[in-house]
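Fold and contact review
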There are 2 protein chains.
Amino acid sequence: MTDYFKKYDIYRAKVDKILSDVTFGRKPDSLYKPVDYILSWKGKRIRPALLIFSCEAMGGNPDLSLNAAAAIEILHNFTLVHDDIMDNADTRRGRETIHKKWNTDTAILAGDEMIGLAYSLLIKTESKNISKIFESFNNGIIEVCEGQAFDKEYEKSADVKLDEYLMMIRKKTSRLLEVCAVIGGYIADTDTQNIDVLKSYAENLGTAFQINDDLLDLTADEIDFGKKIGGDIRERKKTYLVLRANELVSEKQDLNFLKNIFDVKDKTEINDSDINKVKEIYIKYGVIEDTKKQISKFTEEAKNYINKLTGISDRESLVWFSEMLLNRNY
Amino acid sequence: MTDYFKKYDIYRAKVDKILSDVTFGRKPDSLYKPVDYILSWKGKRIRPALLIFSCEAMGGNPDLSLNAAAAIEILHNFTLVHDDIMDNADTRRGRETIHKKWNTDTAILAGDEMIGLAYSLLIKTESKNISKIFESFNNGIIEVCEGQAFDKEYEKSADVKLDEYLMMIRKKTSRLLEVCAVIGGYIADTDTQNIDVLKSYAENLGTAFQINDDLLDLTADEIDFGKKIGGDIRERKKTYLVLRANELVSEKQDLNFLKNIFDVKDKTEINDSDINKVKEIYIKYGVIEDTKKQISKFTEEAKNYINKLTGISDRESLVWFSEMLLNRNY
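From a predicted model like this one, the values you see are computed outputs, not experimental measurements.

The two copies are related by a screw motion: chain A maps onto chain B through a turn of 180° and a shift of 0.0 Å along the axis, at an RMSD of 0.0 Å. The operation mapping one copy onto its partner corresponds to a two-fold rotation axis. When the interface residues of chain A are mapped onto chain B, 100% of them again lie at the interface, so the same face is used by both copies.

Listed below in structure tokens is the structure:
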């Protein structure tokens, strides 16, 4: 049996190398130090991994997909840098954010620069489908920005529906995963039908991933998670859990409690006891169980799409990747 | 004789049409209204014009260069939106800036989105040199960000040399004009040698253009200019004039006056009388005359490069464009 963890580690190291080289020798430091600061954080590199595994699974040479994989990681990190400004986030992954460590201007410019750097790597990809690769990558940028804009709109709105939320996370989270799977497929030069299946696979995977992220905010281990539990509640963020709770909670007293806690106009601090009470309500009405079911549903759907891929050389790798991604508890 | 003004107007109208269509039907409004607000401002569209004229001069079909021309204009406007945040600018071209009319988050996201929209138009360009076009466009983004980073560094520094300033404006201003001329050349499928000449032409043109901009800050008509005279001095900005004055001013009293005015740590407001005094010193030491000479020097250099282009079908159009660009007094 293939040791996929080992493969993942090897690919990750190769991508990390590209990411550390991309700023090498470039000036001025006021621009490239913050870029290097964020790119040198050795994260899980989920998106590059999905791109490389998709390429290899469809019979492509994984080494030909490394630059595109690094490009996607830079693009993802650009969104984090700018989102952190908008979210007023002081830390990410337990480290200071760029706008906090430096300042907002630096974070804006570093993020902009990263889009340029991402494209400079993508350009290096050798593929006869390079135009389609560019188009997919570019639509990714456009839709991620749209997703972020919807997210900011919903933050200010008292009335967000679950299906609006699912549309938003599709743009904000799934879309970039779709781009990874699709570009991997294009580099492997697979057919149009497989490209569509890869897209649907990653869409479901991404949705499961984001809902899992929403759940982990309340159920993860604080140390592994790298941030305080209940952070989404503290920020009064709309997540799958709270929107589903709005549908499931029946008693007026509990509904009112949630309504008060998630009042977008309320600026007072939410304390630990409030968070525990929210969690109790979620458990009482089966919100957490329901959320787990949804994650399973989207995961199964993703796996079904893996089975629909034709002429695939390593179906097992994509199954492994999906399970690895969704079984994390941090 | 060709009526180049008429041609310019026709091209500008075509580019404006593409720019007004690019956001059509897109959601959410919180993202696309600000994008549309900035793109719908009917500016001079200098960069698109340079791209289209370069393409046509080198024997290409101007209609094939319209999408790339619009892409460059969006890219340019993205830099304005983000620079205005960093510069705390409340108005541009006499209108409120996006971060002022909406807020900083909106301006960050609108700018990001515009990069995506720019690429989505560039992708539509039909050319066998599409990879080189992408590379040039992309290096443009990277260097413009570097130029902005140097600019912000220099703002905080008390000791900036004229050659550092020239390097900075080459990145921040000339680079995008070079990209225009070069992409125009690529779409016309001209040879490598001509591409290099087009690049040098636009580099000199861009430098002349920026120094002229520095000069106009002090000599333009306020109404035509759309902003208050002496704005650069009020912001203690390093411009060609002040850095050249540092070299030319000999009397200690005058040098000290300038040093005090341009003290980067001083946050007090600079009044009209200070600005008049600065202008007097500039005139006394021939700074304004010297600046005009520099503009002429770079303009002549640019025109010399036009003469070096081989197999050109309309040399006169580029001469006309250069003169039109640099003879503006607003």
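Under the defined criterion, the tally for this structure stands at seven cavities of 30 Å³ or more. Taken as a whole, the largest cavity holds about 110 Å³ of empty space. Lining the largest cavity, in full, are Tyr37, Ile38, Trp41, Val81, Asp84, Arg92, Arg93, Arg95, Glu96, Thr97 and Ile98 of chain A. Put simply, the parts of the chain that give the lining of the largest cavity at least two residues each are helix H2 (29-39), helix H4 (66-86) and strand S2 (95-96) of chain A. In the lining of the largest cavity, the residues fall into five nonpolar, one polar and five charged. The computed volume of the second largest cavity comes to approximately 100 Å³. As for the second largest cavity, its lining consists of Tyr37, Ile38, Val81, Asp84, Arg92, Arg93, Arg95, Glu96, Thr97 and Ile98 of chain B. For the lining of the second largest cavity, the secondary-structure elements that each account for two or more residues are helix H2 (29-39), helix H4 (66-86) and strand S2 (95-96) of chain B. Within the lining of the second largest cavity, the residues separate by chemical class into four nonpolar, one polar and five charged.

Contacts between chain A and chain B engage 34 residues on the former and 34 residues on the latter. A buried area of about 3000 Å², summed over both sides, lies between chain A and chain B, and 70% of it is on carbon and sulfur atoms. Applying the counting rule to chain A against chain B returns two salt bridges. Arginine 26 of chain A is the salt-bridge partner of glutamate 146 of chain B, the closest N and O atoms lying 2.9 Å from each other. For the interface between chain A and chain B, the tally reads 10 residue pairs in polar contact (both at pLDDT 80 or more).

That bond from lysine 27 of chain A to proline 28 of chain A is cis: its omega, 0°, falls within 30 degrees of zero. Locating proline 28 of chain A in the fold gives a position in the loop between helix H1 (4-21) and H2. A positive phi angle, near 55°, is found at arginine 236 of chain A, a position not held by glycine. Topologically, arginine 236 of chain A is positioned in the loop between helix H11 (231-234) and helix H12 (240-248). The backbone of aspartate 189 of chain B sits at a positive phi, close to 60°, despite the residue not being glycine. Mapped onto the secondary structure, aspartate 189 of chain B falls in the loop between helix H8 (162-187) and helix H9 (192-219).

Quick look at the packing of H4 of chain A against helix H7 (residues 130-156) of chain A now. All names here are of chain A. Between H4 and H7, the least distance of the axes is 12 Å, while the angle of their chain directions is 20°. Put simply, H4 runs roughly parallel to H7. The two elements H4 and H7 cross, and the hand of that crossing is right-handed. Between H4, through Ala71, Ile72, Leu75, Thr79, Asp83 and Met86, and H7, the contact on the second element is made entirely by Phe137, Ile141, Val144, Gln148 and Lys152. Of the residues in the contact of H4 with H7, the class split is seven nonpolar, two polar and two charged.

What tends to happen in soluble globular proteins is that the nonpolar side chains get buried as a cluster. Grouped together as the largest cluster of nonpolar side chains are 231 residues, with contacts concentrated most on Tyr282 of chain A together with Tyr282 and Phe321 of chain B. Here this core spans two domains, since at least three of its residues come from each of domain 1 (1-189) and domain 2 (191-308) of chain A. Sequence-distant contacts of phenylalanine 321 of chain B, defined by excluding residues within four places in its chain, comprise Ile46, Ala49, Leu50, Phe53, Tyr201 and Leu205 of chain B.

As a further point, take helix H13 (residues 252-261) of chain A. All names here are of chain A. Buried residues of H13: Asp254, Phe257, Leu258 and Ile261, and no others. When H13 is viewed along its axis, its buried side chains cluster within an angular range of 95° and face the same direction. When the buried face of H13 is taken as reference, the exposed residues oriented beyond 90 degrees from it are Lys252, Lys259 and Asn260. In the core, the buried residues of H13 are packed alongside H11, H12 and helix H14 (272-284).

So, on to the pattern of salt bridges. Counted under the stated rule, the structure contains 60 salt bridges over all chains. The partner of aspartate 189 of chain A in a salt bridge is lysine 128 of chain A, and the shortest N-O contact between them spans 3.2 Å. Of the two residues, aspartate 189 of chain A sits in the loop between helix H8 (162-187) and helix H9 (192-219) while lysine 128 of chain A sits in the loop between helix H6 (104-122) and H7, which places them 61 residues apart along the sequence. Classification of lysine 128 of chain A as exposed rests on a relative accessible area of 71%. Its salt-bridge partner being lysine 152 of chain A, residue glutamate 155 of chain A comes within 3.3 Å of it at the nearest N-O pair. Pair noted here: glutamate 155 of chain A and lysine 152 of chain A are both in helix H7, with a separation of three residues, about one helical turn. Judged by relative accessible area, which is 11%, lysine 152 of chain A ranks as buried. One salt-bridge network, in which partners are shared between bridges, spans Arg26 of chain A together with Glu143, Glu146, Arg170, Lys171, Arg175, Glu178, Lys199 and Glu203 of chain B.

All names here are of chain A. Split into domains, chain A comes out as domain 1 (1-189) and domain 2 (191-308). Taking only C-alpha atoms, the centre of domain 1 and the centre of domain 2 are 23 Å apart. In this complex, domain 1 contributes 27 residues to the contact, which on the side of domain 2 involves 23 residues. A buried area of about 2200 Å², summed over both sides, lies between domain 1 and domain 2, and 70% of it is on carbon and sulfur atoms. Where domain 1 meets domain 2, there are two salt bridges. Where glutamate 178 meets lysine 199, a salt bridge forms, and the shortest distance between an N and an O atom there is 3.4 Å. At the junction of domain 1 and domain 2, the tally comes to seven residue pairs in polar contact (both at pLDDT 80 or more). Elements with a minimum of two residues in the side of domain 1 that touches domain 2: helix H3 (46-57), H7 and H8. At 14 residues, the largest contribution of residues to the side of domain 1 that touches domain 2 is made by H8. When grouped by side-chain class, the residues that make up the side of domain 1 that touches domain 2 number 13 nonpolar, six polar and eight charged.

Criteria and cut-off values
- Just so you know, the residues in each chain are numbered from 1, in the order the chain's sequence is written.
- Whichever chain is written first becomes A and whichever ligand is written first becomes 1, with later ones labelled in order.
- It should be noted that, the model being predicted, local features are given only for residues of pLDDT at least 70 and side-chain atom pairs only at 80 or more, the latter also being counted only at that level, while totals for whole chains, interfaces and linings use all residues.
- Water and hydrogen atoms were dropped before computing side-chain values, which therefore reflect all heavy atoms in the structure.
- Alignment of the copies relies on least squares applied to C-alpha atoms, considering only residues that score at least 70 for pLDDT in both.
- The contact rule is simple, with two residues in contact once any of their heavy atoms fall within 4.5 Å.
- Detection works on a 1 Å grid of protein atoms alone, calling trapped sets that fit a 1.4 Å probe cavities and calling open sets with protein on both sides within 12 Å along at least five of seven lines pockets, with lining residues defined by an atom within 4 Å of a point.
- Grid points are joined across faces, edges and corners, and a volume is the space filled by probe spheres set on the points.
- Helical segments are the DSSP runs of H or I of at least four residues, strand segments are the runs of E of at least two, and each set is numbered from the N terminus.
- Just so you know the grouping, Ala, Val, Leu, Ile, Met, Phe, Trp, Tyr, Cys and Pro go in nonpolar, Asp, Glu, Lys and Arg go in charged, and all remaining residues, Gly too, go in polar.
- Using a 1.4 Å probe, buried area is obtained as the accessible area two parts lose upon being combined, added over both of them.
- Definition used for salt bridges: Asp or Glu carboxyl oxygen within 4 Å of a side-chain nitrogen of Lys or Arg.
- Think of a polar contact as two N or O atoms within 3.5 Å of one another; within protein, one of them needs to be a possible hydrogen donor and the other a possible acceptor, and neighboring residues in sequence only count if both atoms come from side chains.
- Axis definition: a line fitted to C-alpha atoms, over the contacting stretch in the case of helices. Angles run 0 to 180 degrees between N-to-C directions.
- Oblique is the label for any angle not covered by the other classes, which are roughly parallel (under 35 degrees), roughly antiparallel (over 145) and roughly perpendicular (65 to 115).
- What makes a crossing left-handed is the near helix being turned counterclockwise from the far one by less than a right angle; a clockwise turn instead makes it right-handed.
- The term nonpolar core refers to a set of buried residues drawn from Ala, Val, Leu, Ile, Met, Phe, Trp, Tyr and Cys, joined through side-chain atoms within 4.5 Å.
- Here's how the labels work: a residue is buried when its accessible area is under 20% of the maximum for its type, exposed when over 50%, partly exposed in between, all with a 1.4 Å probe on protein chains only.
- Here the bounds of each domain stem from an automatic or database domain assignment.
- Working note: the arc is built from the helix axis to C-beta atom directions.

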